[in-house]
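# Structure assessment
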Amino acid sequence: MRLRLTPRDTSYFDLFAASAAHLVTGANLLAEMLGADRAARKELNKRMGEAEHAADDATHTIMRRLNKTFVTPFDRDDIYNLASYLDDCMDHMDEASDLIVLYKVDELPARVSDQVQVLQRAAELTAEAMPRLRSMDSLQEYWVEVNRLENQADKSHRKLLAQMFDEIADPILLMKLKEIVEKLEDAADAFEKVANTVETIALKES
Amino acid sequence: MRLRLTPRDTSYFDLFAASAAHLVTGANLLAEMLGADRAARKELNKRMGEAEHAADDATHTIMRRLNKTFVTPFDRDDIYNLASYLDDCMDHMDEASDLIVLYKVDELPARVSDQVQVLQRAAELTAEAMPRLRSMDSLQEYWVEVNRLENQADKSHRKLLAQMFDEIADPILLMKLKEIVEKLEDAADAFEKVANTVETIALKES
Amino acid sequence: MRLRLTPRDTSYFDLFAASAAHLVTGANLLAEMLGADRAARKELNKRMGEAEHAADDATHTIMRRLNKTFVTPFDRDDIYNLASYLDDCMDHMDEASDLIVLYKVDELPARVSDQVQVLQRAAELTAEAMPRLRSMDSLQEYWVEVNRLENQADKSHRKLLAQMFDEIADPILLMKLKEIVEKLEDAADAFEKVANTVETIALKES
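To keep things clear, this report deals only with the structure shown in the data block. Nothing here was measured: the structure is a model prediction, and the numbers come from that model.

## Describing the overall build of chain A
Along its length, chain A carries 7 helices and 0 strands. Tracing chain A from N to C terminus, the helices and strands come up as α-α-α-α-α-α-α. Dimensions of chain A, computed from the C-alpha atoms along their principal axes, are close to 70 × 30 × 20 Å. Put simply, 82% of the contacts in chain A that link residues at least 6 apart link residues at least 24 apart. Accessible surface, chain A as shown: approximately 9100 Å² in total, 51% of it carbon and sulfur. Taking the average place of the 26 positive charges on the side chains of chain A and the average place of its 39 negative ones, the gap between the two points comes to 3 Å.

Pasting the structure below:
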């Protein structure tokens, strides 16, 4: 009965899953970049741009559907936030990738790979969680783990900043590296916002 | 009948048009600043501050009305976002203007005028589009063009950043210029958000 | 009758008051830090972290309740915004505190204490105002005063920036101090957003 009265547009779940899949691609491209030389980084950055473009299309599809649909599987605002934060994850990873190429930074501090590994793990967890929004099945372990990862990322980000300011004497190199590591930190924050939005949705459904 | 049942508070359209008109003033003041000397810049910055103040009043009028009105011409959230993003455009242009004076930057890179020209064009398009919200007439060409302009601004912003880091050896001058060009980029982003909100409104109305 | 039909969950007022109380603690810890040596600052920063954690719990309690409650004392969005902006105030003060320790900045410019005094005053006013949300009693003087304080903070922030760029020759020290004073400015902005949200609520209730 309830279903007949409020048919739920389930395709949102597929759209969120597709959007999150691009984040896995993006995080893996970042990981590849760290070990690559300038020429390879340019190529990887190009592919990152394509992933960002694909994620952008996914977001627009969700937003367009949201503006056209009367009945949604959960609160419009939560769908909007989920799509926006997924988009932010990709944008910040793409910005970091652009800056690595733009600033011609050859050596990145070792701790940057810790940051990127956190992003890879957060992206995988997010991609695995999105399809579970349909059944609301075991989502808590996802948002708890992503919050844990973000706290870890935050700590290593602070350690990295302190280390950079202690060890790097060239202020211009410091400016470049600081901006890159901050974009990576912004991406980790965005993954946490995705997880917090999922928590909000789950709480309302329970 | 429908009109009698849901009288639409049309004055929002006039308020948005007024708000956008201040953006044209602001963008033109920025353009004047680029060629001006320090004394003239101080005076132009004072006028920018007045334009920002007027835009602020327009925003508050919209917000106050929104909190007092039961029936609105379109979704409350969209009206709220439109007013906020128009306000952001002005704030970022005002911040850039303040920094140019505050940091006593005499020479600005040539590409900065490309950024400002984009802001002037985006402001004109926005001011022309706002009154068309009433009829929802030919708004698509507006949001498509503003998105195109923002992509162009983004590309020239990256080129400018790379050039600055290649050519400017003085880290403090680099910090100053970087902050100024980023405020201009923030303004271009805000114009895009205005356009995206108009697209959202048009999609819901269609 | 109306009360029976729409029982209002008054406990939000207590939660907002608790959340604002942590801001007073945080602002006072910042003030203590300015005069302290490195060892004392580390200890004060630890206590700031605890205050931030307590504020975080308060925010989560509000959000959880919001997602579980059908009838709220005022608009859900306003409750959400109020909780979020109170949280931002604390986060920015905590970030400033972290950076002071992280960057091992011994001497802070004198004007920084002006910024912190504004934060202390804004925190006190906010903590006093939150309980008055229940009765909507004399809230206008609160939001007017906080807006006045934020404008004052903004002016002194600009003066401080100009002074720092004039007087500090070491670009790396300049980067450190700039980031710290900007976090303090962000905190002042967040207090203004809290006040503006209270104004919005009061306007809707009136």
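## Considering the packing of aromatic side chains
Within this structure, the stated rule accounts for 6 aromatic pairs over all chains. Taken together, a centroid distance of 5.8 Å and an interplanar angle of 65° make the contact between B:Phe13 and B:Phe74 edge-to-face. One end of the pair, B:Phe13, is in helix α2 (residues 11-35); the other, B:Phe74, is in the loop between α3 (38-68) and α4 (76-102), and 61 residues separate them in sequence. When sorted by exposure, B:Phe13 lands in the same class as B:Phe74, which is buried. Seen from their ring centres, B:Tyr103 and C:Phe165 are 4.4 Å apart, and the 45° between their planes marks the pair as tilted. Within this pair, whereas B:Tyr103 is found in the loop between α4 and α5 (111-129), its partner C:Phe165 is found in helix α6 (residues 140-167), the two belonging to separate chains. The pair formed by B:Tyr103 and C:Phe165 is uniform in burial state, with each residue classed as buried.

## What about the relation of the copies chain B and chain A?
Relative to chain A, chain B is turned by 120° and slid 0.0 Å along the rotation axis, the superposed coordinates differing by an RMSD of 0.0 Å. Such values leave the two copies arranged in the relation of a three-fold axis. Among all residues of chain B, the one whose C-alpha sits closest to the rotation axis is B:Pro171, at a distance of 3.7 Å. The two copies present different faces, since only 17% of the interface residues in chain B are matched by interface residues at the equivalent positions in chain A.

## Some words on the pattern of salt bridges
Throughout the structure, instances matching the rule amount to 42 salt bridges over all chains. A salt bridge links A:Arg38 to A:Asp106, with the nearest nitrogen and oxygen atoms 2.9 Å apart. Here A:Arg38, found in helix α3 (residues 38-68), pairs with A:Asp106, found in the loop between α4 (76-102) and α5 (111-129); they are 68 residues apart in sequence, far enough to count as distant. Given a relative accessible area of 46%, A:Asp106 falls into the partly exposed group. B:Glu145 is paired through a salt bridge with B:Arg148; the nearest N and O atoms lie 2.8 Å apart. Placement of the pair is B:Glu145 and B:Arg148 together in helix α6 (residues 140-167), with a separation of 3 residues, close to one helical turn. Here the residues in one salt-bridge network are A:Asp75, A:Asp78 and A:Lys204, joined through shared partners.

## Considering the side chain of C:Arg41
All names here are of chain C. Looking at the element boundaries, Arg41 is found in helix α3 (residues 38-68). Here Arg41 is buried and forms no salt bridge, its nearest opposite-charge partner Asp106 lying at an N-O distance of 4.8 Å. Beyond its immediate chain neighbours, meaning those up to four positions away, Arg41 contacts Met33, Leu34, Ala36, Ile100, Val101, Val105, Asp106 and Leu108.

## Digging into helix α7 (residues 171-205) of chain C
Residue and element names in this part refer to chain C. The first and last C-alpha atoms of α7 sit 51 Å apart over 35 residues, in line with the 51 Å expected at 1.5 Å per residue. Of all 35 residues in α7, 25 are buried, a share of seventy percent or more. Measuring from the side-chain oxygen of the N-cap residue of α7 to the backbone nitrogen of Ile172 gives 2.9 Å; that N-cap residue is Asp170.

## Focus on the packing of α2(B) against α4(B)
All names here are of chain B. Running from N to C, α2 and α4 cross one another at 20°; their axes reach a closest spacing of 10 Å. Here α2 lies roughly parallel to α4, going by the angle between them. Crossing hand, α2 versus α4: left-handed. Between α2 and α4, the contacting residues are Tyr12, Phe16, Ser19, Ala20, His22, Leu23, Gly26, Ala27, Leu30 and Met33 on the first element and Ile79, Leu82, Ala83, Leu86, Cys89, Met90, Met93, Ala96, Ser97 and Val101 on the second. A per-class count over the contact of α2 with α4 returns 16 nonpolar, 4 polar and no charged.

## Side note on the interface of chain B and chain C
Listed by partner, the interface residues are 13 residues for chain B and 18 residues for chain C. Around 1400 Å² of area is buried between chain B and chain C when both sides are counted, 60% of it from carbon and sulfur atoms. On the surface where chain B and chain C come into contact, there are 4 salt bridges. C:Asp166 is the partner of B:Lys104 in a salt bridge, and the nearest nitrogen-oxygen pair spans 3.2 Å. On the surface where chain B and chain C come into contact, there are 4 residue pairs in polar contact (both at pLDDT 80 or more). Looking at the side of chain B that touches chain C, the elements that each hand over two or more residues are α3, α4 and α7 (171-205) of chain B. Split by residue class, the side of chain B that touches chain C holds 5 nonpolar, 1 polar and 7 charged.

## As for the nonpolar core
Core analysis: the largest hydrophobic core is formed by 219 residues, its most contacted members being A:Phe16, B:Phe16, C:Phe16 and C:Met130. Discounting residues that sit within four places of it in the chain, C:Phe16 has contacts with C:Ile62, C:Phe74, C:Ile79, C:Leu82, C:Ala83, C:Leu86, C:Met130 and C:Leu133.

## A few points about the interface of chain B and chain A
Contact with chain B, which involves 18 residues of that partner, is made by 13 residues of chain A. Here chain B meets chain A over a buried area of about 1400 Å², counting both sides, of which 60% is carbon and sulfur. At the boundary of chain B and chain A, one finds 4 salt bridges. B:Lys178 is paired through a salt bridge with A:Glu179; the nearest N and O atoms lie 2.8 Å apart. Looking at the side of chain B that touches chain A, the elements with two or more residues in it are α6 and α7 of chain B. Considering each element in turn, the side of chain B that touches chain A owes the most residues, 9 residues, to α7(B).

## Quick word on the environment of C:Gln115
Residues and elements named next belong to chain C. In this structure, Gln115 sits in helix α5 (residues 111-129). Residue class for Gln115 comes out buried when judged on its relative accessible area of 4%. Once you skip the residues sitting within four places of it in the chain, Gln115 turns out to touch Ser156, His157, Leu160, Val181, Leu184 and Glu185. In terms of polar contacts, Gln115 uses its side chain to reach the backbone carbonyl oxygen of Val181, at 3.2 Å.

Cut-offs used in this document
- Residues numbered from 1 in each chain as written.
- Chains lettered and ligands numbered in written order.
- Predicted model: local features only at pLDDT ≥ 70, side-chain atom pairs only at ≥ 80, totals over all residues.
- Heavy atoms only, no water.
- Helix = DSSP H or I, 4+ residues; strand = E, 2+ residues; numbered from the N terminus.
- Contact = heavy atoms within 4.5 Å.
- Areas by Shrake-Rupley, 256 points an atom, 1.4 Å probe, with all protein chains shown as cover.
- Lys, Arg positive; Asp, Glu negative; His and termini not counted.
- Charge placed at Lys NZ, Arg CZ, Asp CG, Glu CD.
- Phe/Tyr/Trp six-rings, centres within 6.5 Å; stacked < 30°, edge-to-face > 60°.
- Buried < 20%, exposed > 50% of the residue type's maximum accessible area, 1.4 Å probe, protein only.
- Least-squares fit on C-alpha atoms with pLDDT ≥ 70 in both.
- Salt bridge = Lys/Arg side-chain N within 4 Å of Asp/Glu carboxyl O.
- Expected span 1.5 Å × (residues − 1).
- Polar contact = N/O pair within 3.5 Å; in protein donor to acceptor, adjacent residues only side chain to side chain.
- Axes fitted to C-alpha atoms, helices over the stretch in contact; angles between N-to-C directions.
- Parallel < 35°, antiparallel > 145°, perpendicular 65-115°, else oblique.
- Left-handed = near helix turned anticlockwise from the far one by under 90°.
- Nonpolar A, V, L, I, M, F, W, Y, C, P; charged D, E, K, R; others polar.
- Buried area = accessible area lost by both parts, 1.4 Å probe.
- Core = buried A, V, L, I, M, F, W, Y, C linked by side-chain atoms within 4.5 Å.

Spatial relationships are all this shows, so hold off on functional conclusions.
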